[in-house]
Amino acid sequence: MATEAQDLVAPLPPNTRGLDFTQALQTRSVAPATASAATSGPVVRTERLSIYYGNFCAVREVTLDVPLCQVTAIIGPSGCGKSTLLRAMNRMNDFIDGVRVSGRLLFNGQEVYGSVFDPVELRRRVGMVFQKPNPFPKSIFKNVAWGPAVNGYRGNLAELVEESLRKAALWEEVKDKLNKSALALSGGQQQRLCIARAIAMQPEVLLMDEPCSALDPIATARIEDLIDRLKTQYTVALVTHNMQQAARLSDRTAFMLMGELVEVDATSHLFTTPRDQRTQDYITGRFG
Ligand SMILES: Nc1ncnc2c1ncn2[C@@H]1O[C@H](COP(=O)(O)OP(=O)(O)O)[C@@H](O)[C@H]1O
Ligand SMILES: [Mg+2]
């Protein structure tokens, strides 16, 4: 089991990085994307979206669709604007001083920036999981129950906590210690708890910014497995610096470079027959 999990996620040596995605592409489960995905518009769409930190343009005129019940991966070298773009999708950038946005962000076809769309409502419907697991220093139960409770959840909180922990594949490991501190869990368990916490808000979209990069290979394999199952119910946008992970997990991949979206395509196409030379150079490990 351990070696199997390790094989699944072991990074290739740097000089061969990206040369052969065949294996990673083959480990993907076959598309459970729902029928409605083909017929309805994207859940999230950025249209010529630019994001500035002061005068510095970190994301330049990006037009990207995040379709329903699929995993959309965003890849590219460090500093190319992946996190900035992802944070725009639930207006998390609003909390950073000096950020300016131009262009459009659409959520289920509705304009988000510069409209009456309530950012708090947006963040409830578009949840986020960060690179480093960040549970609250509270019990496991309270970590999951807190958000719905302060948002006036009227159902049975205990049931919601159990359901969320089950969906995050953590229930069996924590069901007998729900009142213990979340900080006593392992890194991988903490990250699954953070996913359960996001799920408890009953979002439509999950944004994940390198959710495995602080985890060991076995914990990584579990989270990847979880993401693969979550996409039957949720729309996922996943930032990853791990191209094998993008190839394994995602339906579509977007490649960014210096703030620009170079290319977006079905994952199987992007990693085998990219249209842009810069994508080709990146996936074959010539830079980044
Ligand atoms: N809060 C910030 N203030 C100023 N510049 C920032 C801030 N966050 C990120 N940047 C800059 O914006 C660019 C894109 O960053 P980021 O979105 O974090 O890239 P990535 O996630 O692809 O590594 C980088 O040049 C980074 O230094
Ligand atoms: Mg980042």
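Predicted, not measured: the structure shown is a model, and the values here were computed from it. (Residues numbered from 1 in each chain as written. Chains lettered and ligands numbered in written order. Predicted model: local features only at pLDDT ≥ 70, side-chain atom pairs only at ≥ 80, totals over all residues.)

Give a description of helix H9 (residues 187-200) that names residues and reports values.
Here H9 spans 20 Å end to end across 14 residues, near enough to the 20 Å set by a 1.5 Å rise per residue. Directly after H9, the chain includes Gln 202, whose backbone phi takes a positive value near 55°. (Helix = DSSP H or I, 4+ residues; strand = E, 2+ residues; numbered from the N terminus. Expected span 1.5 Å × (residues − 1).)

Give a detailed account of unusual backbone geometry, specifying residues and quantitative values.
The phi dihedral of Glu 61 is positive, around 45°, even though this residue is not glycine. Take Glu 61: it is sitting in strand E2 (residues 56-66). C-beta crowding within 10 Å serves as the criterion here: with 15 such atoms nearby, Glu 61 is assigned to the partly exposed category. Phi at Ala 169 is positive, roughly 55°, even though this residue is not glycine. For Ala 169, the position within the fold is in the loop between helix H7 (157-167) and helix H8 (171-174). (Buried ≥ 20, exposed ≤ 12 C-beta atoms within 10 Å, placed from the backbone.)

How would you summarise the environment of Lys 138 if you had to cite specific residues and measurements?
Relative to the helices and strands, Lys 138 is located in the loop between strand E6 (126-129) and helix H6 (140-150). Separated by 43 residues in the primary sequence, Lys 138 and Ser 181 place their C-alpha atoms 5.5 Å from one another.

Describe the confidence of the model for the protein, listing the residues and the values that go with them.
Do not read the fine detail of predicted coordinates wherever pLDDT is low. Within the protein, residue pLDDT values average 89, and 89% of them lie at 70 or more. Below pLDDT 50 for its whole length, residues 1-18 participates in 17 contacts with residues either more than four positions away or in separate chains. When the criterion is pLDDT under 50, residues 30-38 qualifies, and its contacts beyond four places in sequence or with other chains add up to 13 contacts. (pLDDT = per-residue confidence, 0-100. Contact = placed C-beta atoms within 7 Å.)

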